[in-house]
Every structure is written in C-alpha cells, then in structure tokens.
Amino acid sequence: MLISMNWIQDFVDLDGLDLEALIRRFTLSTAEVEEIIYKGKDVCGVVTARIEHVEKHPDSKKLHLLRVNTGESVVDCVCGAPNVAAGQTVVVATVGTTLYDGDKEFKIKKSKIRGVESFGMICAEDEIGVGTNHDGIIVISDDIRPGTPAAEYYGLTSDYV
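About the thresholds
- Residues numbered from 1 in each chain as written.
- Predicted model: local features only at pLDDT ≥ 70, side-chain atom pairs only at ≥ 80, totals over all residues.
- Heavy atoms only, no water.
- Helix = DSSP H or I, 4+ residues; strand = E, 2+ residues; numbered from the N terminus.
- Buried < 20%, exposed > 50% of the residue type's maximum accessible area, 1.4 Å probe, protein only.
- Contact = heavy atoms within 4.5 Å.
- Areas by Shrake-Rupley, 256 points an atom, 1.4 Å probe, with all protein chains shown as cover.
- Arc of directions from axis to C-beta.
- Polar contact = N/O pair within 3.5 Å; in protein donor to acceptor, adjacent residues only side chain to side chain.
- Phe/Tyr/Trp six-rings, centres within 6.5 Å; stacked < 30°, edge-to-face > 60°.
- Core = buried A, V, L, I, M, F, W, Y, C linked by side-chain atoms within 4.5 Å.
- Patch = residues over 30% accessible without salt bridge, like charges linked within 9 Å, V, L, I, M, F, W, Y side chains within 5 Å.
- Salt bridge = Lys/Arg side-chain N within 4 Å of Asp/Glu carboxyl O.

Novice: Even after reading the chapter, I still don't get the overall build of the chain, so can you show me in this structure?
Specialist: Helices and strands together make up the secondary structure of the chain, namely 3 helices and 12 strands. Along the three orthogonal principal directions, the C-alpha set of the chain runs to about 60 × 30 × 25 Å. When burial is assessed residue by residue, the chain has 34% of its 161 residues classed as buried. Of the contacts formed within the chain by residues at least 6 apart in sequence, a portion of 58% connects residues at least 24 apart. Summed over all atoms, the accessible surface of the chain reaches about 10,100 Å², with 50% contributed by carbon and sulfur.

Novice: What's the story with helix H2 (residues 19–29) in this structure? I'm lost.
Specialist: Owing to its 3.6 residues per turn, the α-helix brings residues three or four apart onto one side. Of the residues making up H2, those classed as buried are Leu19, Leu22 and Ile23. The arc that holds every buried residue of H2, seen down its axis, measures 100°, which confines them to one face. Of the exposed residues in H2, those oriented more than 90 degrees away from the buried face are Arg25 and Leu28. Contact partners of the buried residues in H2: helix H1 (5–8) and strand S12 (159–160).

Novice: Looking at this model, I keep getting lost on the side chain of Thr89. Mind explaining?
Specialist: When you line up the elements, Thr89 lands in strand S5 (residues 89–94). Within the structure, the side chain of Thr89 is placed 2.3 Å from the side chain of Arg50, a separation counted as a polar contact. If we ignore the near neighbours within four places in the chain, the residues touching Thr89 are Ala49, Arg50, Ile138, Val139, Ile140, Ser141, Asp142 and Ile144.

Novice: Is there a simple way to think about the packing of aromatic side chains in this case?
Specialist: Two measures describe an aromatic ring pair: the distance that separates the ring centres and the angle between the ring planes. Taken as a whole, this structure holds 2 aromatic pairs when the rule is applied. Both rings, one in Trp7 and one in Phe11, keep their centres 5.1 Å apart while their planes meet at 70°; by these two values the pair is edge-to-face. Under the relative-accessibility criterion, Phe11 is labelled exposed at 62%.

Novice: Even after reading the chapter, I still don't get the nonpolar core, so can you show me in this structure?
Specialist: In summary, soluble globular proteins display a tendency toward joint burial of nonpolar side chains. With 14 residues, the main nonpolar core has Leu66, Val68, Cys77, Ile122 and Ile137 as its most contacted residues. Of all elements in the fold, only strand S2 (46–56), strand S3 (64–69), strand S4 (74–79) and S5 reach the threshold of two or more residues within this core. Residues Leu99, Met121, Ile140 and Ala150 belong to the second largest nonpolar core, which totals 13 residues.

Novice: For this particular structure, what's the right way to read the environment of Val90?
Specialist: Relative to the helices and strands, Val90 is located in strand S5. In this structure the C-alpha to C-alpha distance between Val90 and Ile51, which are 39 residues apart in sequence, comes to 7.3 Å. Dropping the residues within four chain positions of it, Val90 is found in contact with Val47, Thr48, Ala49, Ile51, Ile122, Ile137, Ile138 and Ile140.

Novice: Explain a nonpolar patch on the surface here, please?
Specialist: A cluster of nonpolar side chains, namely Ile3, Trp7, Phe11 and Val12, defines an oily patch on the protein surface of about 440 Å² accessible area. Among the structural elements, Ile3 can be located in the segment before H1. A residue is classified by how much of its surface remains accessible, and Ile3, at 38% relative accessible area, is partly exposed.

Novice: Got a minute to help me understand the side chain of His57 in this structure?
Specialist: Along the polypeptide, His57 turns up in the loop between S2 and S3. Within the structure, His57 has its side chain in polar contact with the backbone nitrogen of Asp59 (distance 2.9 Å). Among the polar contacts made by the side chain of His57, one reaches the main-chain carbonyl oxygen of Arg114 at a distance of 3.5 Å. Discounting chain neighbours no more than four positions away, the residues touching His57 are Leu63, His64, Leu65, Val78, Ile113, Arg114 and Val116.

See below:
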C-alpha cells in the first residue's frame, strides 16, 4: 500500500516534524515501511528552456552545440539527441541539479564534452522521471515561458510516499 504524506497532512498537523523520521517510526508502531519514495525530487532544479541556436559539434558526428535560454541566462549545452532543433522549448537540468536513476544520483556540473564546455543537460522523459521514453529530448509547448520549473509545468508536488 502506498500512503502519501501530503494526504496524511489533510488529517494531522505535521508542521515542524521530520517527515523521514516519522515515516521510519511507522515501522515500529504501525506497519512496516519498505521504501520511501520522494515524489518531485527528480525535477528539482529542472526548468523549461528555449533552444536559440543549434550547430554540429566540430569533433562529433552525433553531438550538437546548443545556445539555450533558461529564463535566467543563455547557456551553452552539448546534446546528442537526434530530435534537437532551434526554436524548440525543452526541459533542461541546470548546473547544480541532482538527477536520480533508481538508487543512483548524479549531479549536473559544468563539463567539457569533446573539448566544448556544457552548462546543463537537455533531458529525455526517463531522465527526470516523467515517462519512460529515451528516444530523444522532451519537446514541449512553445507558449511555456523559459525558466518555468519543470515541477510546475508537469503539475508535480513534492511528497513522501
């Protein structure tokens, strides 16, 4: 059985409590907790962005160099997705964002990819937990403002389940 802590808060005031500690105490007094699922953590630091410019990477047949407007700044990103094009509105994990792959986590850092600096990662559905597709990057509606948090766009709320 999955139980949302947001749902429990509809009935009990949990303000000021350490929710993780409370969940672990459930095992001692109520029912065994096998796993804590953190809803929304996969998209923390992930925002919508507009691709302003695309060109081929000089040292790769598959990679592209992008100029991406994140709403706060325009950054360079290296991307290997086959469906990338200028003018698209996409989802980008900005520098400092932590992404999760099952139990593994990795932090998005400024990096050099084949000699070119990249300041973020344009995301596929499976990379941010909003689907299972990994055939290419997520392309969303052009009427979404760059910099909109992905959690807001997808209607995700943070929750412990």
